[in-house]
Amino acid sequence: CEKKKEEKRSPKGLLHKFQKLSIATWNARSLAHYKGRLGRKKEGIVRFLLQRHDVLMLQEVHGNETNMKRIAQAQSQTHWAVWSAHAENDTGGVMTFVRWSLLHNKTIPENQILEPGRAIGVTLSHEGHEGGLLNIHNYGLNNKTRAKIIKFGTKAMRTSDSDASGASFLVTAGDFNFSTA
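Quick caveat, the model's predicted, so the values are computed rather than measured. (Residues numbered from 1 in each chain as written. Predicted model: local features only at pLDDT ≥ 70, side-chain atom pairs only at ≥ 80, totals over all residues. Heavy atoms only, no water.)

A. Looking closely at the sheet that holds strand S5 (residues 110-115). With mixed pairing, four strands are arranged side by side in an open sheet as S5-S6-S7-S8. Looking at which strands have only one partner, the edges of the open sheet turn out to be S5 and strand S8 (169-176). Along the sheet, successive strands turn relative to each other by an average axial angle of 10°, direction set aside. Direction of pairing for strand S7 (residues 129-138) relative to S8: parallel, over a ladder of eight bridges. Directly across from Gly132, in S8, lies its bridge partner Leu170. (Pairing = 2+ DSSP bridges. Helix = DSSP H or I, 4+ residues; strand = E, 2+ residues; numbered from the N terminus. Axes fitted to C-alpha atoms, helices over the stretch in contact; angles between N-to-C directions.)

B. Local environment of helix H3 (residues 65-74). Three or more residues of H3 are buried, namely Asn67, Met68, Ile71 and Ala72. Relative to the axis of H3, the buried residues are bounded by an arc of 135° and lie together on one face. Away from the buried face of H3 by more than 90 degrees, exposed residues Thr66 and Ala74 are located. Contacts made by the buried residues of H3 are with helix H2 (36-52), strand S3 (79-84) and strand S4 (94-99). Of the residues that open H3, the one with a side-chain oxygen 3.0 Å from the backbone nitrogen of Thr66 is Asn64. (Buried < 20%, exposed > 50% of the residue type's maximum accessible area, 1.4 Å probe, protein only. Arc of directions from axis to C-beta. Contact = heavy atoms within 4.5 Å. Polar contact = N/O pair within 3.5 Å; in protein donor to acceptor, adjacent residues only side chain to side chain.)

C. Region of interest: the sheet that holds S4. If you trace the four strands from one edge of the open sheet to the other, you get S1-S2-S4-S3, paired in mixed fashion. The two strands at the open ends of the sheet, each matched to only one other strand, are strand S1 (23-27) and S3. Shown here is a sheet whose adjacent strand axes are inclined to one another by a mean of 10°, direction ignored. Across five bridges, S1 lies against strand S2 (residues 55-59) in parallel orientation. Residue pairing in the sheet places Thr25 in a bridge with Met57 of S2. Along the sheet, H2 makes contact with S1, S2, S3 and S4, crossing S1 at roughly 165°.

D. Spotlight on the pairing of S3. Most of S3 is tucked away: five of the six residues are buried. Pairing geometry for S3 and S4, over six bridges, is antiparallel. Pairing of Val82 across the sheet is with Thr96, part of S4.

E. A look at H2. Compared with the 24 Å implied by 1.5 Å per residue over 17 residues, the 25 Å span of H2 between its first and last C-alpha is a close match. Residues Gly39, Lys42, Glu43, Val46, Leu49 and Leu50 constitute the buried set of H2. Projection of H2 onto a plane perpendicular to its axis shows the buried side chains occupying an angular sector of 110°, all on one side. Turned more than 90 degrees away from the buried face of H2, the exposed residues are Arg37, Arg40, Lys41 and Gln51. As for H2, its buried residues are in contact with S1, S2, H3, S3 and S4. (Expected span 1.5 Å × (residues − 1).)

All quantities given are derived from atomic positions and should not be read as evidence of function.
If you want it as structure tokens, here you go:
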């Protein structure tokens with residue numbers, strides 16, 4: 001009597017792509033500002049994190065759009081990136097990296113700068129499923145910005161809740177500062 005091996009079929013869509021999704025977040029504290037040895041060390045940490053994770057969300061990158069673009073381009077062989085600098089180069093700045101292999105046919109995901117230098121929303125889509133990535137440096141956000149962030153998160157959560165396959169999701173990460181009045 002010969003036993004047949006049971007074939008395991010992989011689920012499709014985001015569930016398949018993301019069943020072992022690895023995400024890291026880091027308050028990079030002036031990553032784009034530093035030059036020389038410290039700058040190389042911080043950029044080395046970004047490379048280290050990207051080698052080990054599918055998604056990396058950075059906060060407090062500081063610097064301007066040109067600095068952030070340079071950092072993103074250095075990783076462009078393995079990861080797609082979206083970034084937003086704050087109006088003041090010495091504060092804020094957020095970046096989100098996503099491994100290219102997670103993007104269906106290297107399709108650029110829908111992304112929104114919810115608040116320049118403070119919050120980015122990314123929506124990954126594949127075969128009717130969605131994954132929301134919300135990267136926030138929660139400092140000095142006004143009510144209008146909070147409403148945009150809540151709207152993005154609520155939409156992603158509703159999509160996730162209505163996806164019976166469990167293949168849709170929302171990940172919220174960042175540097176959160178809270179105070180009481």
